[in-house]
Amino acid sequence: MSSGLTVELRSSVETFQVPVTIRIPYDESVFTSAGLSEEAARLFVLNETTGEWILVDTLAVDTDANVVVAERSSLSVFRVGYLVADPTQSAVAVTPNPLQVDRDGLVTVTPRTRSGALVGRGHIVGVRLASGSGTLGAPTFQADGSYAAPIHAPLLVGTAVVEASVDGVVLAQRPEVA
């Protein structure tokens, strides 16, 4: 996790019967300087026993107001940051594979952190053919946390190797398309 401002919220009530909505501000330059969209903003809460930052389910990222919105049943120390994709934990797949001549398929890139958590939207995901021929489209974010790019097989029969990157880091998986 990379991060910015830390905010401490406390209350005399240890646990709320009904969750409260919190709005934690962030500095957009933390994201733009890393080449990320503000949509990559995530909220983390400090586990005060272990010192570990835990990802919080986020309701929304308000890019106009520069705040992350979440519901919590307790208050603590919070930080807005972003997840960093691990090249060995992230996955790249091509479907269908083999891809028939002059047909379309899909390259799916699933960026994950070292612990296996999805990094989510707002990251720069790229795909290219490291070898072989074919046509690739631009990756777009999907509801399941992956990014998908169309691929079109050429008229010539052969194989190609697909390479993907997240925020400029090349992923370890390089599927071969037949």
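This text goes with the structure placed above it.
The rules we used
- Residues numbered from 1 in each chain as written.
- Predicted model: local features only at pLDDT ≥ 70, side-chain atom pairs only at ≥ 80, totals over all residues.
- Heavy atoms only, no water.
- Helix = DSSP H or I, 4+ residues; strand = E, 2+ residues; numbered from the N terminus.
- Buried < 20%, exposed > 50% of the residue type's maximum accessible area, 1.4 Å probe, protein only.
- Lys, Arg positive; Asp, Glu negative; His and termini not counted.
- Charge placed at Lys NZ, Arg CZ, Asp CG, Glu CD.
- Pairing = 2+ DSSP bridges.
- Phe/Tyr/Trp six-rings, centres within 6.5 Å; stacked < 30°, edge-to-face > 60°.
- Core = buried A, V, L, I, M, F, W, Y, C linked by side-chain atoms within 4.5 Å.
- Contact = heavy atoms within 4.5 Å.

A.B. asks: Sorry if this is basic, but what is going on with the overall build of the protein here?
C.D. replies: Broken down by element type, the protein carries one helix and 16 strands. Reported as C-alpha extents along the three principal axes, the dimensions of the protein are approximately 70 × 30 × 25 Å. The buried share among the 178 residues of the protein stands at 36%. For the protein, the distance from the average site of its 11 positive side-chain charges to the average site of its 19 negative ones is 4 Å.

A.B. asks: Help me understand the pairing of strand β3 (residues 42-46) in this model?
C.D. replies: Taken residue by residue, a regular strand's side chains alternate between the two faces of the sheet. Extensive coverage of β3 is indicated by the burial of four of its five residues. Where β3 meets strand β7 (residues 77-82), four bridges bridge the pair, whose relative direction is antiparallel. Considered in β7, the bridge of L43 is made with V80. When β3 meets strand β4 (residues 53-56), the two strands line up antiparallel, connected through four bridges. Bridge pairing in β4 links V45 to I54. Two successive antiparallel strands, β3 and β4, enclose a turn made up of six residues, where G51 displays a positive phi of approximately 80°.

A.B. asks: Would you mind showing me how to read the packing of aromatic side chains here?
C.D. replies: Aromatic rings in a pair are described by how distant their centres are and how their planes are angled relative to each other. Following the criterion strictly, the structure yields three aromatic pairs and no others. Residues F141 and Y147 carry aromatic rings whose centres are separated by 5.2 Å and whose planes lie at 70° to one another, so their mutual orientation is edge-to-face. Judged by its relative accessible area of 26%, F141 falls in the partly exposed class. We classify Y147 as buried; its relative accessible area is 4%. What links up through ring pairs into an aromatic cluster is the set Y26, F31 and Y82.

A.B. asks: For this particular structure, what's the right way to read unusual backbone geometry?
C.D. replies: What is expected of a backbone is that most residues other than glycine have negative phi and most peptide bonds are trans. A cis amide bond links T95 with the next residue in sequence, P96, at an omega value of -15°. With respect to the helices and strands, P96 occurs in the loop between β8 (91-95) and β9 (104-110). The step from N97 to P98 runs through a cis peptide bond, and the omega angle for that step is 15°. Here P98 lies in the loop between β8 and β9. Phi is positive for N66, close to 55°, though the residue is something other than glycine. By the secondary structure assignment, N66 is in the loop between β5 (60-62) and β6 (67-72). Classification of N66 as buried rests on a relative accessible area of 16%.

A.B. asks: Sorry, what's going on with the nonpolar core here?
C.D. replies: For soluble globular proteins, the rule of thumb is that nonpolar side chains tend to be buried together. Membership of the largest hydrophobic core comes to 22 residues, with the highest contact counts inside it found for V107, V109, I151 and V162. Every element with two or more residues in this core is listed here: β8, β9, β10 (125-131), β13 (147-152) and β14 (160-166). Per-element accounting of this core gives the leading share, four residues, to β14. When residues no more than four places from it in sequence are discounted, the contact partners of V107 are V92, A93, V94, V127, L136, Y147, A148, A149, I151 and V162. I22, L43, V45 and V56 belong to the second-largest nonpolar core, a separate cluster that totals 16 residues.

Treat this as a map of the structure, not an account of what it does.
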